[in-house]
Amino acid sequence: MSSSQFDDFSKKCKKILENQLRICIDELQAPSILKESMLYSLEAGGKRIRPLLLFATLHAFNKDPNLGLLPAIAIEMVNTYSLIHDDLPSMDNDDLRRGKPTNHKVFGDANAILAGDALLSYSFQLIAEASEQSISLEAKVSLIQLLANSSGAEGMVGGQVADMIGEEKNLSLEELEYIHVHKTGKMLTCSVLAGAILADASEEQMEYLQQFSHHLGLAFQIRDDLLDVVGDENLIGKPIGSDVGNHKTTYPSLLGMDRTKQVLSEQINFAKEALKKTGANTILLEEITDLVATRNN
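The following paragraphs examine the structure supplied in this document. (Residues numbered from 1 in each chain as written. Predicted model: local features only at pLDDT ≥ 70, side-chain atom pairs only at ≥ 80, totals over all residues. Heavy atoms only, no water.)

1. Considerations on unusual backbone geometry
Line of reasoning, step 1. One non-glycine residue, Arg48, adopts positive backbone phi at about 55°.
Line of reasoning, step 2. Relative to the helices and strands, Arg48 resides in the loop between α2 (32–42) and α3 (49–60).
Line of reasoning, step 3. Located in the positive-phi region is Arg98, a residue other than glycine, with phi close to 55°.
Line of reasoning, step 4. Relative to the assigned elements, Arg98 resides in the loop between β1 (96–97) and β2 (100–101).
Line of reasoning, step 5. Residue classification places Arg98 among the partly exposed residues on the basis of a relative accessible area of 30%. (Helix = DSSP H or I, 4+ residues; strand = E, 2+ residues; numbered from the N terminus. Buried < 20%, exposed > 50% of the residue type's maximum accessible area, 1.4 Å probe, protein only.)

See below:
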């Protein structure tokens, strides 16, 4: 598949996703300020890497990507809730997210917290209420369990707590990797495995996809660490150097820039090797892997 074909696939999937996101929020019987706050962050843009991973996994097994629309929206809602809460004064205290004022700067701390809470709750509701013609009851249970585990204490939230505990400490490489695997990697893995569940992948294929997404998650965060040093503030949408300012251990601070770039390349290669072992048509997943390695925002 050429880059132009991947771009077409990406644009098509994003358009369908973003149209449905608005419909989902519009349908809620809830206070307008809450819906506005939820939609404000959902529509802030971004790479939509998690939904794209789910759609690309379905494509790898010759399944219609639309089959994964509601689970993809659910995952994007969980990711958005986490970003809203991350930006709060009690956590990262950020004023900008993707070049726009953060949610709490527009709607206030209380509404931002509640918008995040509502997005998290709604994500599980969407999967539970999906028609059985599109998602079987067994698949729904598996998806809900996967999303809960990936986003909770054993996943993203656990990684966020470890990240806060690690501030102003000199972490080991093992401790840093734990943070990245849980805070970032678990939700990327969730996206890939959700697609695999919907596609009825075999246990062996699920294992290789788990390996793929593990390495992809590390690569994603390593690239983030590099961008915080050498990135373009206009492209990133927030000030660079925030990791240094927050006294966080990063791959560059532990390994130096040259070795960090080498480790990034290694993780990308490991990810691609795991994809090959699935025996599926993983060209789109490979394109996303390259995108992670070279992204500028």
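2. Quick look at the nonpolar core
Line of reasoning, step 1. Core analysis: the biggest nonpolar cluster contains 76 residues, and Leu53, Met77 and Phe212 have the highest contact counts within it.
Line of reasoning, step 2. When residues in this core are grouped by element, the largest group, eleven residues, is from helix α9 (residues 173–198).
Line of reasoning, step 3. Leave out the neighbours within four places in its chain, and Leu53 touches Leu188, Ser191, Val192, Phe212, Leu216, Leu285 and Ile288. (Core = buried A, V, L, I, M, F, W, Y, C linked by side-chain atoms within 4.5 Å. Contact = heavy atoms within 4.5 Å.)

3. Let's talk about the layout of surface pockets
Line of reasoning, step 1. Here the second largest pocket is characterised by a volume of approximately 200 Å³.
Line of reasoning, step 2. In terms of lining, the second largest pocket is formed by 13 residues, of which the most central are Phe6, Asp7, Ser10, Lys14 and Leu291.
Line of reasoning, step 3. Ranked by residue count, the leading element in the lining of the second largest pocket is helix α1 (residues 3–26), at five residues.
Line of reasoning, step 4. Here the lining of the second largest pocket is built from residues that sort into three nonpolar, four polar and six charged. (1 Å grid on protein atoms, 1.4 Å probe; cavity = no way out; pocket = protein on both sides within 12 Å on 5 of 7 lines; lining within 4 Å. Points joined across faces, edges and corners; volume = space filled by probe spheres on them. Nonpolar A, V, L, I, M, F, W, Y, C, P; charged D, E, K, R; others polar.)

4. Digging into the packing of helix α8 (residues 156–165) against α9
Line of reasoning, step 1. Put simply, α8 and α9 touch, their axes get as near as 7 Å, and they point 145° apart. Judged by the twist between their axes, the crossing of α8 over α9 is left-handed. Taken together, the residues of α9 that come into contact with α8 (itself represented by Met156, Gly159, Gln160, Ala162 and Asp163) are Tyr178, Ile179, His182, Lys183, Lys186 and Met187. (Axes fitted to C-alpha atoms, helices over the stretch in contact; angles between N-to-C directions. Left-handed = near helix turned anticlockwise from the far one by under 90°.)

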